[in-house]
Amino acid sequence: MPANRPRRELIDVKLPAGFDPSRHEQALTKLIEKTHGPGWEIENINLARSTATASRMVEINEVIEQEHDADEIQLKLSKNTRPGDGEKTAVKLESQHEGYFLTEFEPYLGYAVLTRLSPNTVRARGALSVALGVKPWEVAVKPRKDGGFTVGLPKSYVPSKHDEKLQEVAESVIGKMGWYVKTNAHALSADIIPSDPPTFPAAFKYPLSQMTRLNNDERLLLATSLGKTGDEPGDTLFLDFEASPHTQLNGTTGSGKTVTINSILAGALAAKYEIAVLDVPHKAVDFLPFKKYVRSGFWGCDSLEAAATVATLVYEEGQRRAKVLATHGVTKIQELPASIRPRPILVVMDELSGLFQPDDIPKGVPKDHPFVVSAMQANATRAILMGATLKLAAEMRFVGIRLLLSTQVANATTGIPPKLRSLLSNKLLQGVNPTKAQRGQVFNDPTQVPEVPSNVRADSKVSKGVGVLEMEGQDPVVYKSFYASPAEYVEMLDKLGTPTTLTPSPSAADIARIAQPEESGGADEPASRMRPEYGGFGRDEKQAPRRNDGLSGAAAAAHDLRVQAGGQKQGIEEDFS
């Protein structure tokens, strides 16, 4: 069996009368050895107390007696051994004892320990010592039954400095992807644990039966994060509107954006939100199951004019709510009495680039040409939509209006200005292979946002609905959205008695008032959103009057263009009939 480590002894002795350190120290040492035995050295002298402290190491043999197959050898070091002699001592002793390696080196205490180590343990110890910036014998490494290692960390260990390097060693040198390190900084210990890499199931089923419990005014169920290790499940994630009311969702075609938006819409309706939905007409089919649940007049998917109208109607509703708050002397709707408190509104705008990106104005074409007039009319309508969206994001948080804006790309050249993106604090990028440029366009600090691991990217089933996010008050994570079919959402929402409407689309009168070039009709009627203060082009009194069909100016030209295009198409069809 291994013997105990060498022991250091200390004694205090009384100084003789008239003791002078410069003259009598050697004599004092001989006196101590005569009284207490050999090997003592004077460590310090306290003249004020007339005492001296001496120390010695208990003598041990050069190699302590042991059985032939012992795993540990203890050796006495030369008195002249210094801390810097560690590498030289290791080479010397390890060459004399094959299969043993220096594991303890205590030159001040006068001993060293050699331990029998397996090749895997030696390799692990070497890699860990490099990561920690210490000598191999300063890292104690023992195999675990599961194939991992228990590690004794040096006193110089600092989590912020060393944890990433330890994880790299665990995955790249000692084990493989999925292995992880669990450290205890206080105990200066760590475990390197074998595991498969964290991943997701093919789908996370939306907990339909718990919709009302999981969603409320301040947060909506969003997704599940990727576990930190293969042995740990991920966390449930929520859109926290108390931290930030507005969200930007980016993702390429096929990344599952619509599935994510559907789950958020369903959760909002279960929490008794009012909803508004805006989209380009050819994509409106994605949200048709929710059309009957929108607030009356808040379905902005039938045309660009309808989208601009709905955004403005939501803003006008926000202004009405602000007046109610002022009347009651409160600063946000949560402070209103429950009997008059309005429900929060979730505004979902999909295909934002298609809604915002201006049409090109043909060069070298007369300004009154139908193509030019049509493009100018569309761009004027987009200006109305953009202006209302900016105001909603900047001004309407306190009245309970939240925005979810979705698009494939997000930069100024495609119609999303930086001043709007800066107001969307919750940022989601869906898809497993985004480019560096896409990450830079979405996140405030892309370097702090993790990337989707290769094992998740490589699995076509697992990768559906996966992305990365950066949200206020949360660490950036990899996530996977919840899934349920639109029919399942509708069935559950109907069971919950979710209100529906027979008039989801904005009225023709509202579209004419807001999205067409028309002055206000009276003192009580809001000014047209085509006026300059709304980013549009107000009518001039000298312009020609409206035609019998009620149209004039750009609207009339655009109408004629569509009729002309329809006639040309009909003529071609007749030619080939």
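Residues numbered from 1 in each chain as written. Predicted model: local features only at pLDDT ≥ 70, side-chain atom pairs only at ≥ 80, totals over all residues. Heavy atoms only, no water.

Participant: Any chance you could explain the packing of aromatic side chains here in plain terms?
Facilitator: The relative placement of two aromatic rings is captured by the distance of their centres and the angle of their planes. Counted according to the given criterion, the structure contains seven aromatic pairs. Between the aromatic rings of Phe-105 and Trp-137, the centroid separation amounts to 6.2 Å while the plane-to-plane angle is 70°, which identifies the pairing as edge-to-face. Pair noted here: Phe-105 is in strand β5 (residues 100-106) and Trp-137 is in the loop between α3 (119-132) and β7 (140-143), with a separation of 32 residues, a long-range link. Note on accessibility: Phe-105 and Trp-137 belong to one class, buried. Measuring from centroid to centroid gives 5.5 Å for Tyr-206 and Tyr-489, while their planes differ by 80°, and the two rings are edge-to-face. Taken together, the positions of Tyr-206 in the loop between β11 (204-205) and α5 (211-214) and Tyr-489 in helix α13 (residues 486-495) put the pair 283 residues apart, joining distant regions of the chain. Classification of Tyr-206 as buried rests on a relative accessible area of 3%. Taken together, the ring pairs in this structure connect Phe-200, Phe-204, Tyr-206, Phe-290, Phe-482 and Tyr-489 into an aromatic cluster. The ring of Phe-238 has Arg-219 lying over it, and the distance from NZ or CZ to the ring centre is 3.7 Å. (Phe/Tyr/Trp six-rings, centres within 6.5 Å; stacked < 30°, edge-to-face > 60°. Helix = DSSP H or I, 4+ residues; strand = E, 2+ residues; numbered from the N terminus. Buried < 20%, exposed > 50% of the residue type's maximum accessible area, 1.4 Å probe, protein only. Lys NZ or Arg CZ within 6 Å of the ring centre and 35° of its normal.)

Participant: What is the right way to read the packing of helix α6 (residues 257-270) against α13 from this model?
Facilitator: When two helices pack together, their arrangement is captured by the angle between the axes and the distance separating the axes. Between α6 and α13, the shortest axis-to-axis distance is 11 Å and the interhelical angle comes to 0°. The angle between α6 and α13 falls in the class roughly parallel. Contacts between α6 and α13 pair Asn-262, Ser-263, Ala-266, Leu-269 and Ala-270 from the former with Pro-486, Tyr-489 and Leu-493 from the latter. Its residues assigned to classes, the contact of α6 with α13 shows six nonpolar, two polar and no charged. (Axes fitted to C-alpha atoms, helices over the stretch in contact; angles between N-to-C directions. Parallel < 35°, antiparallel > 145°, perpendicular 65-115°, else oblique. Contact = heavy atoms within 4.5 Å. Nonpolar A, V, L, I, M, F, W, Y, C, P; charged D, E, K, R; others polar.)

Participant: Looking at this structure, I do not really get the sheet that holds β5. What am I missing?
Facilitator: Picture the strands of a sheet paired through backbone hydrogen bonds; they go either parallel or antiparallel. Taken together, the three strands give an open sheet; going across it, the order is β4-β6-β5, and neighbouring strands pair in antiparallel fashion. Here the strands that pair on one side only, and so sit at the sheet edges, are β4 (72-76) and β5. The average undirected angle you get between the axes of adjacent strands in this sheet is 25°. Two elements, β5 and strand β6 (residues 111-116), share six bridges in a ladder whose sense is antiparallel. Among the inter-strand pairings, Phe-105 is bridged to a residue of β6, identified as Ala-112. Across the sheet, helix α2 (residues 86-96) lies against β4, β5 and β6, angled at about 145° from β5, the strand it touches most. (Pairing = 2+ DSSP bridges.)

Participant: Got a minute to help me understand the nonpolar core in this structure?
Facilitator: One finds Leu-278, Leu-346 and Leu-385 to be the most contacted residues of the largest nonpolar core, which totals 98 residues. For this core, the leading source of residues is helix α7 (residues 304-328), giving nine residues. Residue contacts for Leu-385: discarding those within four places in its chain leaves Leu-278, Leu-304, Ala-307, Ala-308, Ala-311, Met-349, Leu-355 and Phe-356. Ala-127, Val-141, Phe-149 and Ala-190 belong to the second-largest nonpolar core, a separate cluster that totals 20 residues. (Core = buried A, V, L, I, M, F, W, Y, C linked by side-chain atoms within 4.5 Å.)

Participant: It is not clear to me how unusual backbone geometry should be interpreted in this structure. Could you clarify?
Facilitator: For residues besides glycine, phi is generally negative; the peptide bonds are generally trans as well. Phi is positive for Ser-50, close to 60°, though the residue is something other than glycine. The topology assignment puts Ser-50 in the loop between β2 (41-46) and β3 (51-57). A positive phi angle, near 70°, is found at Lys-272, a position not held by glycine. With respect to the helices, strands and loops of the structure, Lys-272 is situated in the loop between α6 and β15 (274-278).

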